[in-house]
Amino acid sequence: MLFIILAALLTIVLLGIVFWPALRPAEPAATAHEHDFDLEIYKDQLRELDTDLERGVINAAQADYARAEIGRRLLAAEDAAQAEADAKRTAGNTRGPMLAAAAAFAPLAAVVIYAAVGSPGMDAQPLAGRLQERQQPMTAQTLQNLDVKELVKKAEDHLRANPDDGRGWDVLAPMYLRLGRADDARDAFERAIAMLGETAPRRSGLGQAYYMLSGGAVDVNARSEFERAVALDPNDSRSRFFLALAAAEGGNVNGALEGWKTLIADNRAAPEWKAAAQEGLRRFGGEALAMAPGSSAPQLDQETVKNVQSMSAEDRQAMIGNMIAQLDARLRDNPDDVAGWQRLIRSYSVLGKKPEAEDAVKRALEAFASDETKHGQIVEFAAALGLSSGGTTQ
Amino acid sequence: MIVELGHYALVLALALSVLQTVVPFVGARTGDTRQMAMAPNLAFAVFAAIALSFGVLTWGYVASDFSILNVWENSNSQQPLLFKFTGVWGNHEGSMMLWILILSLFGALVAFFGSNLPPSLRAMVISVQGLIATAFTGFILFTSNPFTRLSPAPLEGQDLNPILQDVGLAIHPPLLYLGYVGFSVCFAFAIAALVEGRIDAAWARWVRPWTLTAWIFLTAGIAMGSYWAYYELGWGGWWFWDPVENASFMPWLAGTALLHSALVMEKREALKVWTILLAILAFSLSLLGTFLVRSGVLTSVHAFASDPTRGVVILAILVFFIGGALILFALRSSTLSNGGLFHPISREGALLLNNLILTTAAATVFVGTLYPLAIEALTGEKISVGAPYFDATFAPLMIPLLLAVPFGPLLAWKRGDLFGAAQRLYVFAGIAILAGLVTLYLATGAPVLAAIGVTIGFWLIVGAFAEVWQKSGLPKAGVRTAMARLSGLPRSVWGTAFAHAGLGVITLGIVSVSAFQEEHVLRMAPGDTTDLSGFSVLFEGMEPRQGPNYTENVATFQVSRDGKQIATINPAKRIYTARRMPTTEAGIHTRGFSQIYIALGDPVEGSNQIVVRLWWKPDVTLIWFGPILMVIGGLFSLSDRRLRIGAPVPSARRRQVLAAAE
């Protein structure tokens with residue numbers, strides 16, 4: 001509304017300026033005739049000639065030539081001016097209809113064209129405003145979250161009645177992520193994968209859930225999910241971002257920067273992960289190359305970090321232990337899952353439980369005893385982690 | 001909302017431009033004083049609307065409002081503030097916005113300073129300006145809208161082209177556009193004169209300040225662009241005969257010719273038709289420049305984005321204005337009366353010679369620029385017309401002009417006297433000497449050409465002040481009389497002297513650099529030393545540095561002479577993070593008028609060496625000091641009181657005043 005008022009005001013002011021001379025009564029006395037303007041120039045040329053002569057810039061003969069010539073022009077203009085004055089063109093014969101049409105044309109044309117090309121309802125979004133929005137959870141973001149919470153509640157009601165609706169879990173899982181409910185998100189992603197099969201977005205979503213659960217670090221679980229997602233779709237932006245983050249956390253800062261840069265340069269990549277990659281670049285690029293002026297604190301998933309940080313250390317530990325136990329149990333029932341075994345082995349080894357890790361390697365090798373390729377994969381994987389493969393390869 | 005208000009203002013500007021075209025035109029043709037009186041206000045209103053719109057776009061850049069597509073594509077929140085400002089015109093849409101901003105500014109200036117113009121002429125001029133504004137504002141809105149929105153706004157923008165992240169961008173395009181678009185005023189005056197059917201000495205005087213203004217800005221803009229290319233591109237050259245450079249040079253040549261022929265028209269009412277044609281040509285060549293640069297026909301730093309529709313639309317605008325103007329010219333020029341007669345040896349004759357050579361030169365550049373394009377369009381074959389063509393055609397054309405320049409101001413109007421004839425002999429003498437030296441060069445290979453060039457340069461500088469010297473009466477008149485006379489000289493005389501001397505200074509710089517520059521390309525490892533024209537240059541090493549939106553590897557060179565340390569030069573190779581684009585930053589040390597110029601090449605693989613290019617460029621800065629002198633000369637001329645004649649007093653008192661003047 002304010003926009004319409006201001007636009008109208010602008011139109012009125014400018015039209016006012018334009019039509020002001022037409023609205024004033026004409027003052028014929030003040031208007032000189034066309035040829036008077038010429039006379040002014042020639043008279044000035046004559047005056048100039050005199051001063052030039054006085055100064056000795058030109059000699060008398062040259063001055064005479066010039067004076068004669070200017071005099072001829074002056075006379076011609078004089079005659080023309082006289083003729084003009086005699087003709088007495090009628091001044092100020094205002095053409096009312098024409099002016100009215102002109103006055104109507106401008107705003108009409110402007111409105112029609114603007115309606116075709118403009119986006120009248122759209123607000124400006126300066127950077128300062130956008131940053132403020134992100135830093136004030138009490139305002140816009142809270143409102144957005146309220147909407148999401150509403151949707152989540154509906155979806156939950158629906159799934160309570162129909163727990164086998166894979167699509168429902170698929171829709172709900174990213175919402176949990178957004179609300180920072182990491183454990184619900186993990187559960188929902190796992191159900192969706194179990195019911196609908198694995199896709200890159202589901203795997204990487206699950207990875208993000210693990211990332212949030214670990215308190216903002218790309219742990220083994222998260223990492224293996226991201227790797228799985230990239231295997232499914234090498235262009236999955238989220239996974240590419242987190243794998244680079246994992247590299248950075250693992251000390252391979254250059255690799256991480258490279259990963260983010262290629263992500264940013266990739267046209268197909270999702271904008272929000274490009275933005276996250278920018279943040280990552282700023283954070284790690286700044287550290288690696290010493291003080292980037294104006295570099296701000298990392299802004300990665302603030303709510304997640306907050307959420308997980310609010311857990312006690314024991315809770316977190318218990319939760320991780322619980323997850324591993326679940327994975328272990330699942331692999332006992334369904335051992336044909338290389339990625340699962342790798343995740344389990346890595347989890348144990350990261351937690352420093354070497355005997356458990358080696359036990360897992362052994363069980364995996366037993367499970368793949370008849371499958372050369374998968375057997376080899378596990379052996380290589382174990383070797384990379386510095387684990388013994390239980391004498392099978394020695 | 002503020003963004004949309006700017007967008008609306010631009011649309012309103014288009015609607016008002018249509019009124020600016022129609023209302024004053026109808027008023028002038030029917031003698032309706034009210035409609036004619038609306039002309040200045042229309043020009044003001046259009047300027048206000050476009051300025052508001054441009055201001056909003058600038059705000060979008062400064063506030064990093066990435067909900068504007070154009071801002072997101074060409075800016076980044078990490079950019080230094082200056083480049084957020086200059087980024088506004090560092091892209092196709094924004095530069096067109098700058099174009100129409102300046103166009104409407106000139107329209108408003110004509111309206112503001114136009115009170116000494118006959119109302120119908122002023123109305124016509126403003127109307128033609130309005131037509132140009134309509135065409136280009138429409139072009140912007142419908143093919144290159146800078147206010148296209150993007151929602152939701154991305155977090156970070158894509159950054160400005162790194163080559164453009166330089167102070168040069170703050171200065172070069174605005175100056176150049178002030179020049180280009182300034183000629184639109186001359187064009188409008190020419191069209192108005194043709195439509196009105198009256199072209200006289202007074203017309204020439206009214207146009208003169210606008211031609212001068214445009215010429216001053218264009219001169220400064222081209223020189224600035226040349227220096228920018230010199231230090232930013234890292235090739236050590238100051239002029240590449242690149243089509244884009246030529247595009248700005250052609251209007252300059254035509255504009256310079258116009259400046260001189262308008263002088264003849266003002267004083268003698270001669271060369272009228274020719275002057276009108278030049279006014280049309282100067283702006284047509286400016287439009288052609290805009291077309292070449294904006295249509296994407298040429299691929300260069302300047303072709304920010306290539307889009308075939310845009311090219312076609314600009315071509316249509318070009319054809320409309322140039323074609324229309326020339327048709328009008330063909331229809332009307334025969335009705336113009338002939339002006340005063342003159343002898344070949346006279347001021348008019350000299351100025352005519354100037355015009356002939358300048359327009360031939362412009363035609364030469366025109367052919368060299370467009371011929372490759374035409375060949376490519378017809379046969380698909382890519383040929384390149386480079387420096388050899390221009391060296392072989394443009395340079396020989398310039399030599400007689402440069403030799404003749406000092407004579408011009410000394411010759412009398414209408415017919416030169418014996419003195420003039422004697423001067424003609426000097427010209428022949430000069431040609432003879434020249435021919436002799438050329439023969440000598442061909443025979444022995446001595447650097448005679450350089451000697452000739454330097455001679456011409458000094459001849460221009462000394463000759464430029466010959467008129468001033470002559471008029472001061474020195475040494476016969478005492479110093480006091482001389483000083484009095486000098487201070488009484490019209491400022492335009494000083495303007496001529498400075499501008500011509502500037503030409504000489506440029507010639508000296510060009511000759512000196514072409515003949516005596518030293519260039520080395522070599523591999524250097526840290527600790528290596530090399531000799532360059534008597535200087536000893538030590539490569540100390542490289543170190544990484546972090547800029548606001550780039551990272552760079554800076555090399556340190558110590559320059560010394562006879563064991564004494566003189567300067568530290570730091571060329572660098574940068575990588576701009578957002579676009580992953582490398583650039584080369586040349587390191588330059590200025591000594592007097594000369595410069596040491598160092599640019600880094602690529603590192604040599606498998607070693608700690610790097611390719612380094614070093615130049616010793618003697619007197620190179622003269623190339624840019626010359627244009628500064630020319631601009632100063634132009635400003636002197638512009639301040640001449642002749643150009644500030646007031647409006648006539650109302651007709652009732654006309655006769656009295658006339659009587660008093662006589």
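Residues numbered from 1 in each chain as written. Chains lettered and ligands numbered in written order. Predicted model: local features only at pLDDT ≥ 70, side-chain atom pairs only at ≥ 80, totals over all residues. Heavy atoms only, no water.

A closer look at the overall build of chain B
When helices and strands are counted, chain B shows 20 helices and 10 strands. In chain B, the share of contacts with a sequence separation of at least 24, taken over all contacts with a separation of at least 6, comes to 73%. Summed over its atoms, the accessible surface of chain B is roughly 25100 Å², and 67% of this surface lies on carbon and sulfur atoms. (Helix = DSSP H or I, 4+ residues; strand = E, 2+ residues; numbered from the N terminus. Contact = heavy atoms within 4.5 Å. Areas by Shrake-Rupley, 256 points an atom, 1.4 Å probe, with all protein chains shown as cover.)

A closer look at the overall build of chain A
Across its full length, chain A holds 18 helices and zero strands. Scored against the burial criterion, the 394 residues of chain A give a buried share of 43%. Across chain A, the fraction of contacts at a sequence separation of at least 24, relative to all contacts at a separation of at least 6, is 56%. Surface accessibility of chain A: about 20500 Å² in total, with carbon and sulfur atoms responsible for 57%. (Buried < 20%, exposed > 50% of the residue type's maximum accessible area, 1.4 Å probe, protein only.)

Digging into the packing of aromatic side chains
Residue and element names in this part refer to chain B. Tallying each qualifying case throughout the model produces 36 aromatic pairs over all chains. Consider the rings of F498 and F636, whose centres lie 5.5 Å apart with planes at 10°: the pair is stacked. Of the two residues, F498 sits in helix α18 (residues 491-516) while F636 sits in helix α19 (residues 622-638), which places them 138 residues apart along the sequence. The class of F498 is partly exposed, set by a relative accessible area of 21%. The structure contains a cluster of three or more aromatic residues connected by ring pairs, namely W215, W239, W241, F249, W252, Y389, F390 and F394. Positioned above the aromatic ring of F535 is the side chain of R561, whose terminal nitrogen or guanidinium carbon lies 4.5 Å from the ring centre. (Phe/Tyr/Trp six-rings, centres within 6.5 Å; stacked < 30°, edge-to-face > 60°. Lys NZ or Arg CZ within 6 Å of the ring centre and 35° of its normal.)

As for helix α4 (residues 96-117) of chain A
Three or four residues apart is the spacing at which side chains of an α-helix point the same way, because the helix has 3.6 residues per turn. Counted at 1.5 Å a residue, the expected span for α4(A) with its 22 residues is 32 Å, and the 32 Å between its end C-alpha atoms agrees. Of the surrounding secondary structure, the elements contacted by the buried residues of α4(A) are α1 (2-23) of chain A together with α1 (2-30), α2 (33-62) and α6 (119-143) of chain B. (Expected span 1.5 Å × (residues − 1).)

Here's the deal with the sheet that holds strand β9 (residues 594-603) of chain B
Residue and element names in this part refer to chain B. The four strands lie next to each other as β1-β10-β9-β8, forming an open sheet whose pairing is antiparallel. Strands at the two margins of the open sheet, each flanked by one partner only, are β1 (518-524) and β8 (587-591). Averaged over all neighbouring strand pairs, the angle between strand axes comes to 15°, with direction disregarded. For β9 and strand β10 (residues 610-617), the ladder comprises seven bridges, and the chain directions are antiparallel. Bridged to L600 within β10 is V612. In the packing of helix α8 (residues 201-232) onto the sheet, contacts are made with β8, β9 and β10, and the angle to β9 comes to roughly 45°. (Pairing = 2+ DSSP bridges. Axes fitted to C-alpha atoms, helices over the stretch in contact; angles between N-to-C directions.)

Comments concerning the confidence of the model for chain A
Residue and element names in this part refer to chain A. The pLDDT averaged across chain A works out to 75; a share of 78% of its residues lies at or above 70. For chain A, the element scoring lowest by mean pLDDT is helix α14 (residues 302-309), at 48; α1 scores highest, at 89. Per-residue pLDDT stays below 50 along residues 136-144; that stretch engages in six contacts with residues further than four places along the chain or on separate chains. (pLDDT = per-residue confidence, 0-100.)

So, the nonpolar core
All names here are of chain B. In terms of nonpolar packing, the biggest core is built from 187 residues, with L16, W99, F187, F189, W203, L253 and I276 touching the most fellow members. With 18 residues, helix α7 (residues 167-196) is the largest single contributor of residues to this core. Filtering out sequence-adjacent residues up to four positions away, F189 remains in contact with L117, L121, V125, W203, W206, V207 and W210. (Core = buried A, V, L, I, M, F, W, Y, C linked by side-chain atoms within 4.5 Å.)

Some points on the environment of V128(B)
All names here are of chain B. Residue position: V128 is located in helix α6. Taking the C-alpha atoms as reference points, V128 and V185, 57 residues apart in sequence, are found 8.7 Å from one another. Beyond its immediate sequence surroundings of up to four residues, V128 is in contact with F187, A188 and I191.

A look at the pattern of salt bridges
Residue and element names in this part refer to chain A. For the coordinates displayed, the defined rule picks out 24 salt bridges over all chains. With a shortest N-O distance of 2.9 Å, R67 and D50 are connected by a salt bridge. Highlighted residues: R67 in helix α3 (residues 60-87) and D50 in helix α2 (residues 34-55), separated in sequence by 17 residues. Judged by its relative accessible area of 30%, R67 falls in the partly exposed class. Given a relative accessible area of 35%, D50 falls into the partly exposed group. One salt bridge connects R363 with D359, and the closest N-O pair in it is separated by 3.2 Å. You can see R363 and its partner D359 sitting in helix α17 (residues 354-367), four residues apart, about one turn around the helix. Linked by salt bridges that have partners in common, E198, R203, E225, R228 and R343 make up one network. (Salt bridge = Lys/Arg side-chain N within 4 Å of Asp/Glu carboxyl O.)

A short note on helix α13 (residues 387-404) of chain B
All names here are of chain B. End to end, α13 covers 25 Å across 18 residues, agreeing with the expected 26 Å (1.5 Å per residue, within 8%). Along α13, the largest kink reaches about 25° and is centred on F394; proline P396 follows within four residues of it. Of the positions making up α13, those classed as buried are F390, F394, M398, L401, L402 and L403. (Bend = angle between axes of the 7 residues up to and from the residue.)

Regarding the packing of helix α5 (residues 92-113) of chain B against α7(B)
All names here are of chain B. At their nearest, the axes of α5 and α7 sit 9 Å apart, and the two run at 50° to each other. Of the possible angle classes, the one that applies to α5 and α7 is oblique. Classified by chirality, the crossing of α7 by α5 is right-handed. Of α7, the residues touching α5 (which contributes S95, L98, W99, I102, L103, L105, F106 and V110) are P173, P174, Y177, L178, Y180, V181, G182, S184 and V185. A breakdown of the residues in the contact of α5 with α7 according to their chemical character gives 14 nonpolar, three polar and no charged. (Parallel < 35°, antiparallel > 145°, perpendicular 65-115°, else oblique. Left-handed = near helix turned anticlockwise from the far one by under 90°. Nonpolar A, V, L, I, M, F, W, Y, C, P; charged D, E, K, R; others polar.)

Concerning the confidence of the model for chain B
Of all residues in chain B, 87% attain a pLDDT of 70 or more, and the chain-wide mean is 82. pLDDT under 50 marks residues 650-662 of chain B. Its contacts with residues more than four places away, or in other chains, come to 16 contacts.

Some thoughts on the side chain of N74(B)
With respect to the secondary-structure elements, N74(B) resides in helix α3 (residues 69-74). Within the local environment of N74(B), its side chain forms a polar contact with the backbone oxygen of N70(B), the two atoms lying 3.0 Å apart. (Polar contact = N/O pair within 3.5 Å; in protein donor to acceptor, adjacent residues only side chain to side chain.)

Some thoughts on the pairing of strand β3 (residues 535-546) of chain B
Residues and elements named next belong to chain B. Two elements, strand β2 (residues 529-532) and β3, share four bridges in a ladder whose sense is antiparallel. When the bridges of β3 are listed, D531 appears paired with S536. Two successive antiparallel strands, β2 and β3, enclose a turn made up of two residues, where S533 displays a positive phi of approximately 45°. Sheet topology note: the β3/strand β4 (residues 550-561) ladder contains 10 bridges and is antiparallel. Its bridge partner lying in β4, S536 is registered against S560. The hairpin formed by β3 and β4 contains three residues between the paired strands.

Quick notes on the pairing of β10(B)
Residue and element names in this part refer to chain B. Among the eight residues in β10, six count as buried, and that is most of the element. Taken together, the seven bridges between β1 and β10 define a ladder with antiparallel strand orientation. Each residue of the ladder has a partner; that of V521, found in β10, is R613. Counting the residues in the hairpin turn of β9 and β10 gives six residues, including G606, whose phi is positive at 75°.

A closer look at a nonpolar patch on the surface
Taken together, the side chains of L9(A), V13(A), I17(A), F44(B), F112(B) and F113(B) define a hydrophobic patch exposed on the protein surface, amounting to about 580 Å² of accessible area. Where the nonpolar patch is concerned, the elements lending two or more residues are α1 of chain A together with α5 of chain B. In terms of residues, the nonpolar patch owes the most to one element, α1(A), which gives three residues. Its location among the elements puts I17(A) in helix α1. (Patch = residues over 30% accessible without salt bridge, like charges linked within 9 Å, V, L, I, M, F, W, Y side chains within 5 Å.)

Remarks on the environment of A231(A)
Topologically, A231(A) is positioned in helix α10 (residues 220-232). According to the relative accessible area criterion, A231(A) is exposed, its value standing at 56%.

With respect to the side chain of N354(B)
With respect to the element layout, N354(B) can be found in helix α12 (residues 347-379). The residues touching N354(B), leaving out its near neighbours within four places in the chain, are A257(B), H260(B) and L401(B).

Overview of the packing of α1(A) against α1(B)
Their axes nearest at 11 Å, the elements α1(A) and α1(B) cross at an angle of 30°. Here α1(A) lies roughly parallel to α1(B), going by the angle between them. In this structure, α1(A) crosses over α1(B), and the sense of that crossing is right-handed. Here F3(A), L6(A), A7(A), L10(A), T11(A), L14(A), L15(A), V18(A) and F19(A) of α1(A) lie close against α1(B), whose contacting residues are E4(B), L5(B), Y8(B), A9(B), L12(B), L16(B) and L19(B). Here the residues of the contact of α1(A) with α1(B) are counted per class, giving 14 nonpolar, one polar and one charged.

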